[in-house]
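# Structural features, examined
One-letter residues, chain by chain:
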Amino acid sequence: MPPPRKKQRTDTDSGPQMAAMADSDAMPRGPTHMITRAAAAAARQAVQVAPPVAPTTPVEEPFCAHFTMPTINHVQRPRVIIPKGRLQSLPELAVEIQMMIYGQLEPRDLQSLSRTCRKFRGFFLNRALMEKLWKRAVENAEDCLPKQPPFLSEPAFIHLLYTPRCHYCGKKGIRTILPVYLIRLCAQCRKTGSVRSMFTVDNCIKHVLQHHKLETCNRTTCSVWAGVYRTRRKDGRKHSRFLKAAVVETLERLKALPKPITADAAQTFFQTIKDEYTIRMNEYDVYILEWLETQDSRSRNEFRHACRCRVDVVIKGLTEVGWGPEIKFIGKDNLNEIRALPVICQPSRLTTLTERSWRKVLVALDTWLKDTRSKRLATELNHALRRRFRALGEALQTHCVKLPRNATMDCRPQCIDLALMPECRAIIDVPTSNNINVKTFAKVVPALVEKWNENVKGELRELIRPHLGHISPDLEPLTLAIATVLHYAGEHVPAGWPTVLAHKCTDACPTPCVRSEDPESDDVDHQDAYTRAAKTRHWTWNKIPMGEPGYLELEGKTHRVPFNPSALASPAEFRTRVERMRNIVAAVGLNPAQATVEDMDHPDVPWLRCASCEAAKPRDAVYAISWQAAYQHVECDAEWRRADETDMVEVRAAQESWYSCRPLSKDGCWWACSLCPLLNIHGLSSIAIHLKYAHGIETPLQASRDGTIYPHPANTGHHMDHVFKSACIRKEME
């Protein structure tokens, strides 16, 4: 069968007028050219024959003067643009040239040609040309194809390998090949083209065999060849389905056996069927499925490579048009918006973008790029503010802490206290291009600290003064012993001014605290950028862009706020605390309206004994406690009495013994090093290691006595192991 030839245009294809002109000798013949149907129809409508024109002034007769030429109104034919790469001129080539071309093609190319038109299909699927076309194409395949099953022709085998369509309905995207029969079926065709129950297959075979007076057949043998694939029922159990075409073919072959069919002949027939499908499974299925898996893996890798190349092209283009900072801000590993674009995810191996595709990319990414720019600017502003807050903290520390450090220096304002002051905000909240450093704050921090101290002291006076009663107007209320009740809820360690400023506010503090606020009550996410950065300065969410989900759920759970004295206690609680402290001061023999904290810490001030506990438990041990421990004693309605001189002798002896043999490992308070500007360590054993390797001090107990290290004033009732506060005067009675 020769290759298909292109149909040539005839003169009668352009209508009766053109046919008449072709029969006349007056019609000049030009070279035959190709014309489309649309162009021929336009020419037929445009050609009109006009009446003869009167002769004009005689001139020199031309060569064709004796011809009578009709007047033809020519309309320019539409120009036919033939895109490059089409096969329109292939049939016009010589047969030998076509066969040489076809002999160099691969199987997939022949398959595409066979689907071009009916003539090509008839030519390429001609069985007489299988050897010249398809087998040679299989040899030209770039990838080594698996072994071809003998029951499939070359075109069918190539169709199976390269066409992911259902063999029944033609549905696209069917990549799974059923084993044994080497066929692709969609989910619907699997149901309609297969038998669900093995008993149905057995009954059909039994019906044929019973017709020949045979009792039954071996069901195990039948199940070997009939099973096509396994599926899962709604109840979760698996069962096999059997291809109808295979069952029908086997029944036809069974019926075609020589009559009468004996039991041995039936058993031999089923064994032959079993052997055939066993060979299919062992010799063809494994290699074909392995080849398909390799091709799928290669296609996926090529697709990923093409997508990566297109993403790189988009990134390069966006960088050139001015979106480079946004791409750098997001990072190449987080460009999901770009990777999800249809022009990027298209199943194509092209690694570049056309001008039209590039315009689509810009339109699709416009909103995302603008949002990214807003997030980038907000994040850069937040980082700049955090750097400036850090510089403010360093300037504050430099002003308040001088070596050697003492406990009073640790009772100072924090960065958040000054950050939200208008004077400080005017310095920090400026464009990011301004250079703000420690030297900038060093000029204003002293005045800001003094102003802040006066404001806080005034607020504390207003809180505590109504509960102190009658005191001398010359005395500072915050220095009185009965005013050392400025501790936090849940703590019973007496704290006055300025010890109250040393509180280490952490995320474990009950909120609201003096320097922290619950996120639910303080909606910091909807505040301005400056306030948000100041309140979340202790958080570690700087790696997540502002506004992204999850940036509020990192380490910081509370918001820092300026020192808030009203969060210490309610007025009723202050009244209760002052009365408890007034009873303690009166019990030691001092005047509550005049006694200060220094007076209470004097060595001559006697310790106290709880008369209520001794009366309630007469056989228990008797303890003498300091005034700080007496304030913490809230187990009963205490009635205090002073320890006598004999008791104080026992107290001093116990105190000396405790300081000389105190175990380091059980010390759980916070210690501060006076030789370092900012070093607080938990536990005396840890501070001992610091003293040894940083300062060469071998005796931490001696260092605690001479003031080289001292307990941090922020220690609460749970970390008061550094204070000797009780001495056993009488042991428990047996």
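A brief structural summary.

Conventions used here
Residues numbered from 1 in each chain as written. Predicted model: local features only at pLDDT ≥ 70, side-chain atom pairs only at ≥ 80, totals over all residues. Heavy atoms only, no water. Helix = DSSP H or I, 4+ residues; strand = E, 2+ residues; numbered from the N terminus. Expected span 1.5 Å × (residues − 1). Buried < 20%, exposed > 50% of the residue type's maximum accessible area, 1.4 Å probe, protein only. Arc of directions from axis to C-beta. Contact = heavy atoms within 4.5 Å. Pairing = 2+ DSSP bridges. Axes fitted to C-alpha atoms, helices over the stretch in contact; angles between N-to-C directions. Salt bridge = Lys/Arg side-chain N within 4 Å of Asp/Glu carboxyl O. Patch = residues over 30% accessible without salt bridge, like charges linked within 9 Å, V, L, I, M, F, W, Y side chains within 5 Å. Areas by Shrake-Rupley, 256 points an atom, 1.4 Å probe, with all protein chains shown as cover. Lys, Arg positive; Asp, Glu negative; His and termini not counted. Charge placed at Lys NZ, Arg CZ, Asp CG, Glu CD. Phe/Tyr/Trp six-rings, centres within 6.5 Å; stacked < 30°, edge-to-face > 60°.

A few words on helix α25 (residues 645-660). Between its first and last C-alpha atoms α25 spans 23 Å; for 16 residues at 1.5 Å apiece the expected length is 22 Å, and the two agree. Asp 647, Met 648 and Val 651 are the residues of α25 that are buried. Along the axis of α25, the buried residues cluster in a sector spanning 95 degrees; they form a single face. In α25, those exposed residues whose orientation departs by more than 90 degrees from the buried face are Glu 645, Thr 646 and Glu 656. Taken together, the buried residues of α25 touch β8 (608-610), β9 (622-625) and β14 (726-730).

Turning our attention to the sheet that holds strand β12 (residues 680-682). On the basis of which strands lie adjacent, the open sheet formed by 3 strands has the order β12-β11-β13 and antiparallel pairing. Every other strand in the sheet has two partners, leaving β12 and β13 (709-711) as the edge strands with one partner each. Strand-to-strand twist in this sheet, taken as the mean axis angle between neighbours without regard to direction, amounts to 35 degrees. The pairing of strand β11 (residues 670-673) with β13 spans 3 bridges and is classified as antiparallel. The residue bridging Trp 671 from the neighbouring strand is Pro 711, located in β13.

Residues of helix α4 (residues 107-114) that are buried include every one of Pro 107, Leu 110, Gln 111, Leu 113 and Ser 114, and no others. One side of α4 holds all its buried residues, which, seen down the axis, span an arc of 160 degrees.

Now for the pattern of salt bridges. Tallying each qualifying case throughout the model produces 20 salt bridges. Across the pair Glu 476 and Arg 461 runs a salt bridge, and its minimum N-O distance is 3.0 Å. Taken together, the positions of Glu 476 in the loop between α19 (445-464) and β6 (516-517) and Arg 461 in helix α19 put the pair 15 residues apart, joining distant regions of the chain. Ionic pairing is found between Arg 582 and Glu 579, a salt bridge with its closest N-O pair at 3.8 Å. Taken as a pair, Arg 582 and Glu 579 lie in helix α21 (residues 571-587) at a separation of 3 residues, close to a single helical turn. Its relative accessible area of 22% is what places Arg 582 among the partly exposed residues.

The step from Leu 403 to Pro 404 runs through a cis peptide bond, and the omega angle for that step is -5 degrees. Of the consecutive residues Trp 497 and Pro 498, the connecting peptide bond is found in the cis state with omega at 0 degrees. Relative to the elements of secondary structure, Pro 498 occurs in the loop between α19 and β6.

This paragraph deals with a positive patch on the surface. Together, Arg 115, Arg 121, Arg 165 and Lys 172 make up a positively charged patch on the protein surface. Checked against the element boundaries, Arg 121 lands in helix α5 (residues 118-124). Since its relative accessible area comes to 49%, Arg 121 is described here as partly exposed.

This part takes up the packing of aromatic side chains. One pair of aromatic rings is described through two measures. These are the centre distance and the angle between the planes. Taken as a whole, this structure holds 8 aromatic pairs when the rule is applied. Relative to Tyr 277, the ring of Tyr 181 has its centre 5.0 Å away and its plane inclined at 55 degrees; by these criteria the two rings are tilted. Taken together, the residues span a long stretch of sequence, with Tyr 181 in the loop between α7 (154-162) and α8 (187-192) and Tyr 277 in helix α12 (residues 263-330) at a distance of 96 residues. Since its relative accessible area comes to 5%, Tyr 277 is described here as buried. Taken together, a centroid distance of 5.5 Å and an interplanar angle of 70 degrees make the contact between Phe 389 and Tyr 530 edge-to-face. Note that Phe 389 is positioned in helix α15 (residues 355-400) and Tyr 530 in helix α20 (residues 529-535), a separation of 141 residues in sequence.

This is a description of form; function is not addressed.
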